[in-house]
2 protein chains.
Amino acid sequence: MTAPAPRRSTKQREAVREALEASDEFVSAQALHQAMRAEGSTVGLATVYRALAALAEDGEADALQSAGELLYRACTKTHHHHLICRSCGRTVELEAAAVERWAGQVAAAHGFIEPDHVVDIFGLCAECAAARSGSAR
Amino acid sequence: MTAPAPRRSTKQREAVREALEASDEFVSAQALHQAMRAEGSTVGLATVYRALAALAEDGEADALQSAGELLYRACTKTHHHHLICRSCGRTVELEAAAVERWAGQVAAAHGFIEPDHVVDIFGLCAECAAARSGSAR
DNA sequence: GCCTTAGTGAGAACGATTGTCAATCTCGGC
DNA sequence: GCCGAGATTGACAATCGTTCTCACTAAGGC
Ligand SMILES: [Mn+2]
Ligand SMILES: [Mn+2]
Ligand SMILES: [Zn+2]
Ligand SMILES: [Zn+2]
């Protein structure tokens, strides 16, 4: 069906993977590129975009769209969802068997097949909440 | 806190609202603009963008990001989620008290405040599924 | 080592969205 | 009904994240 897609291992892709894993948050391609450059890497921006897309395709990273830009994060390979701080980006992985079941049932009940779902929770983490109330006007 | 934001009623904004309500699917600003033009309207594209943003802000429309573009749909004003056909865009509104509760509890358990959430289910509606298996190779 | 060809990087190109700004409308006050 | 302040509009330019192009480099099977 879909060609297995050969994939050579290059130092650039490896560098991107490492940089991504070094961060616990969802980051944009641009931000990751800048961070890598700051560390002395010479990867090109286009390569970072390509590497991140490949990682996501291989299930090595999760992607989500927030505020108009694509963010990536190195995640567990098993299916899960996220609780994300909208201020600092800190992310908690969530398991939610009940929600998975619900999604499948609702889709089936309406005659939809091949259901997929997006379930993410955004909020302010305790740290950011404290920082805000501390410096609030 | 936030200024009530005065909002004058104009025929353009009204036309956008009507055009949006005429569709049962999520549509992009561009698509809506083209549809309106096709009907003889002379609204500007920028105005459609502004009107849709205003409608979403006022809770008269729901917005979601799919494949890199913002889509809007005239929806019920009460909180709900969506089951969307990824082929034809047909949309079903969903209520899910259990999921709402779950989201709130999970956020609280991790010390997050002001929780918000994104919960959407994508799939192939019965009609599109039938069409596909009928013409499948 | 040699060869085929995927991968890379600099820059151009793209496309959705937002900003600019003069002209035009809304609407509360008269 | 008529005014005037200021919100709104629309054509167009400008942004900005992302993708494309293409000459060059370097995996990796032999
Ligand atoms: Mn994840
Ligand atoms: Mn809705
Ligand atoms: Zn935080
Ligand atoms: Zn469908």
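Residues numbered from 1 in each chain as written. Chains lettered and ligands numbered in written order. Predicted model: local features only at pLDDT ≥ 70, side-chain atom pairs only at ≥ 80, totals over all residues. Heavy atoms only, no water.

Draft legend 1. The arrangement of the protein's contact with DNA strand C in detail. Near DNA strand C there are 21 residues, and of these Thr10(A), Thr47(A), Arg50(A), Arg8(B) and Tyr49(B) occur at the shortest range. Each atom of DNA strand C within 4 Å of the protein was classed as base or backbone; sugar and phosphate made up 67%. At 3.4 Å, a side-chain N or O of Arg37(A) approaches a phosphate oxygen of DNA strand C. In the model, a phosphate oxygen of DNA strand C is placed 3.0 Å from a nitrogen or oxygen of the Gly44(A) main chain. Taken together, the elements giving at least two residues each to the surface near DNA strand C come down to α1 (11-22) and α3 (45-57) of chain A together with α3 (45-57) and β3 (69-74) of chain B. Here the surface near DNA strand C is built from residues that sort into five nonpolar, seven polar and nine charged. (Near = heavy atom within 4 Å. Polar contact = N/O pair within 3.5 Å; in protein donor to acceptor, adjacent residues only side chain to side chain. Helix = DSSP H or I, 4+ residues; strand = E, 2+ residues; numbered from the N terminus. Nonpolar A, V, L, I, M, F, W, Y, C, P; charged D, E, K, R; others polar.)

Draft legend 2. Seen up close, the coordination of the zinc ion (ligand 3). All names here are of chain A. Donor atoms from the polypeptide that bind the zinc ion (ligand 3) are Cys85 (SG), Cys88 (SG), Cys125 (SG) and Cys128 (SG), placed at 2.2 to 2.4 Å. The site at the zinc ion (ligand 3) holds four donor atoms, and with the angles between them running 101 to 115 degrees, its shape is tetrahedral. Positions of the donor residues of the zinc ion (ligand 3), expressed as sequence spacing, correspond to C-x2-C-x36-C-x2-C. Pair noted here: Cys88 is in the loop between β4 (81-85) and β5 (91-94) and Cys125 is in the loop between β6 (113-124) and α5 (126-135), with a separation of 37 residues, a long-range link. Judged by relative accessible area, Cys125 falls into the buried class, the value being 1%. (Donors = N, O, S within 2.8 Å, 3.2 Å for Na, K, Ca; no water. Tetrahedral: all angles 85-135°; square planar, octahedral: opposite > 155°, others 65-115°. Buried < 20%, exposed > 50% of the residue type's maximum accessible area, 1.4 Å probe, protein only.)

Draft legend 3. Fine view of the protein's contact with DNA strand D. Close to DNA strand D lie 21 residues; Tyr49(A), Arg8(B), Thr10(B), Thr47(B) and Arg50(B) are nearest. Between DNA strand D and Gln30(A), the relevant distance is 3.3 Å, taken from a sugar or linking oxygen to a side-chain nitrogen or oxygen of the residue. The contact in question runs from a phosphate oxygen of DNA strand D to an N or O atom on the side chain of Thr47(B), over 2.6 Å. Contributions of two or more residues to the surface near DNA strand D are made by α3 and β3 (69-74) of chain A together with α1 (11-22) and α3 of chain B.

Honestly, that's just the spatial picture; any functional story needs more than this.
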